[in-house]
Amino acid sequence: MPVSLYNTMSRKKEVFEPLVPSTARLYCCGPTVYNYAHIGNLRTYVFEDILHRVLEFNGFKVMHVMNITDVGHMTSDADDGDDKMQTAALRENKSPWEIAKFYEDAFFLDTSRLNIIKPQVTPRATEHVVEMIELIQRLEANGYTYVTTEGVYFDTSRNDDYGKLARLQLENQRTGRNEVVADETKRNPSDFVLWFLNKPTHIMKWESPWGPGYPGWHIECSAMSIKYLGETFDIHCGGVDHIPVHHTNEIAQSECATHAPFVKYWMHGEFLLMNGGKLSKSKLTQQTNDQRPKISTLQTMIDAGYDPLSYRYLCLQAHYRSELNFSLEALDASTAGLRKVYSLRPETDPLAGDAEAYQTARRRVLDAMNDDLGVPQAVGILNSYGSYSLWAEFDAVVGIDFVKRAKTTDVELPAEVLELIAKRNEARKTRQWAASDALRDQLIGMGYEVGDGAQGTTVKSRSL
Ligand code: AMP
Ligand code: ZN
């Protein structure tokens, strides 16, 4: 089965056919590095990692680019409020560059702990200001911009298909009475800033043809994706919150600058919810009166004794286009499920020696994965077979370090083994050596190494 993916633009599943055969050019909106990523953000990166791995499993060479937003993302996704980097710098009494470096490192530590493959290119916005200025100049030359005291704007009224991704009704937006127009120099509420001007208190500033200032958030993704992947590329991802503003604006400015279609497939991950509500990066430090640990970042999860891969495994239980309600109960269940997977052993592989059955099983798992990343179904099928070799092969997609962990994870001892151990301890206490030896041989015959420790008989499965 070929890989099919749900395209937000067409609202349909489509067979993935890259522009250049066998190469998948993938751009994912990266973190704004003004605080730790919360586990909701990380869910989106797990989804993108699964996409990367499924494409690779199917033989595509994946060129994966993910930006680091270290300037220009305002406290609202539109242009209102302050630059998040600047706010964090003032909060922590550091320079915005120090803030960016610190949280970028923290981000990549989190993603590596979740076995997320690092994209080949992870460009920082502040290092691509020249490319952004060039793109704005192209838009200016094509007649899509105007300049006010506040900045250089993109004029959405000049872009006929503005809002096509989100299927926005621009007329409603332009005349929408509820719209709070924070910036009165804008011609239309949906217009957005390409370059901010006249912001004397902003720390990060660059020279530009329009005066000193700093870039808007949306232009960075257009400039960096075009630089590394070309004017038209295959897949662009992000969370669903990016559909109406950020990705809508990326499409408008990219296509109006290049006159080429920007992206072939748009993919969006649904949100992780906590207690039925949204998580917020700006509220990461808030505490509750709850007795159980409050988990908001991966580090808080680790501090509460959880394995990061339990969280990865939990993310795989829900389809990326469904909301996922996070709870400690769900994380506990995922931990137990993962332990069960790690307890599989090659000696007891039900598919061992049956090549045909293996191929049938393999096809079922792959078909599920290739059907718009049906990983929850694929994991269900893997669990229904309980086959060591099948898990070992598909760990290339699932990414739970299966072979390594299966070797080192203690398997809970079956009741009959525990019973034999108890009997042997009793026999040794009462000096019945022959009985003790017979029980030892019985355990060895069941595949265990038997020793004598301070607490009595110890056993270890020889396959561990
Ligand atoms: P940010 O660092 O705030 O720019 O967000 C990074 C990524 O996380 C973006 O792709 C967002 O769409 C995504 N995101 C934000 N909140 C959530 C959430 N609660 N669940 C899943 N993804 C999220
Ligand atoms: Zn972006």
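The structure displayed is predicted, hence computed values, not measured ones.

Reading guide: rules and limits
- Residues numbered from 1 in each chain as written.
- Chains lettered and ligands numbered in written order.
- Predicted model: local features only at pLDDT ≥ 70, side-chain atom pairs only at ≥ 80, totals over all residues.
- Heavy atoms only, no water.
- Near = heavy atom within 4 Å.
- Polar contact = N/O pair within 3.5 Å; in protein donor to acceptor, adjacent residues only side chain to side chain.
- Helix = DSSP H or I, 4+ residues; strand = E, 2+ residues; numbered from the N terminus.
- Domains from an automatic or database assignment.
- Axes fitted to C-alpha atoms, helices over the stretch in contact; angles between N-to-C directions.
- Parallel < 35°, antiparallel > 145°, perpendicular 65-115°, else oblique.
- Left-handed = near helix turned anticlockwise from the far one by under 90°.
- Contact = heavy atoms within 4.5 Å.
- Nonpolar A, V, L, I, M, F, W, Y, C, P; charged D, E, K, R; others polar.
- Expected span 1.5 Å × (residues − 1).
- Buried < 20%, exposed > 50% of the residue type's maximum accessible area, 1.4 Å probe, protein only.

Re the site of ligand 1
Taken together, the neighbourhood of ligand 1 is formed by 18 residues, with Gly-40, Thr-44, Asp-241, Leu-272 and Lys-281 sitting nearest. In the environment of ligand 1, a nitrogen atom lies 2.6 Å from a nitrogen or oxygen atom belonging to the side chain of Thr-44. In this structure, an oxygen atom belonging to ligand 1 sits 3.1 Å away from a main-chain N or O atom of Gly-239. Secondary structure elements with two or more residues in the shell around ligand 1: helix H1 (39-57) and strand S9 (233-239). A per-element tally of the shell around ligand 1 places H1 first, with four residues.

Here's the deal with the domain arrangement of the protein chain
Partitioning the protein chain into structural domains gives domain 1 (4-269), domain 2 (343-410) and domain 3 (415-461). Taking only C-alpha atoms, the centre of domain 1 and the centre of domain 3 are 63 Å apart.

Comments concerning the packing of helix H12 (residues 375-385) against helix H13 (residues 388-398)
Contact pair H12 / H13: the axes reach a minimum separation of 11 Å and the direction vectors enclose 165°. For the element pair H12 / H13, the angle class is roughly antiparallel. Note that H12 runs across H13; the crossing there is left-handed. Between H12 and H13, the contacting residues are Val-379, Leu-382, Asn-383 and Tyr-385 on the first element and Leu-390, Trp-391, Phe-394 and Val-398 on the second. Across the contact of H12 with H13, the residue classes break down as seven nonpolar, one polar and no charged.

Quick look at helix H6 (residues 217-229)
Taking 1.5 Å of rise per residue, 13 residues should cover 18 Å, and H6 covers 19 Å from first to last C-alpha, within 8% of that figure. With 11 of 13 residues buried, H6 lies mostly within the body of the structure. Among the residues of H6, Trp-217, His-218, Ile-219, Glu-220, Cys-221, Ser-222, Ala-223, Met-224, Ser-225, Ile-226 and Leu-229 are the ones counted as buried. Backbone geometry just after H6 places Gly-230 at a positive phi near 100°.

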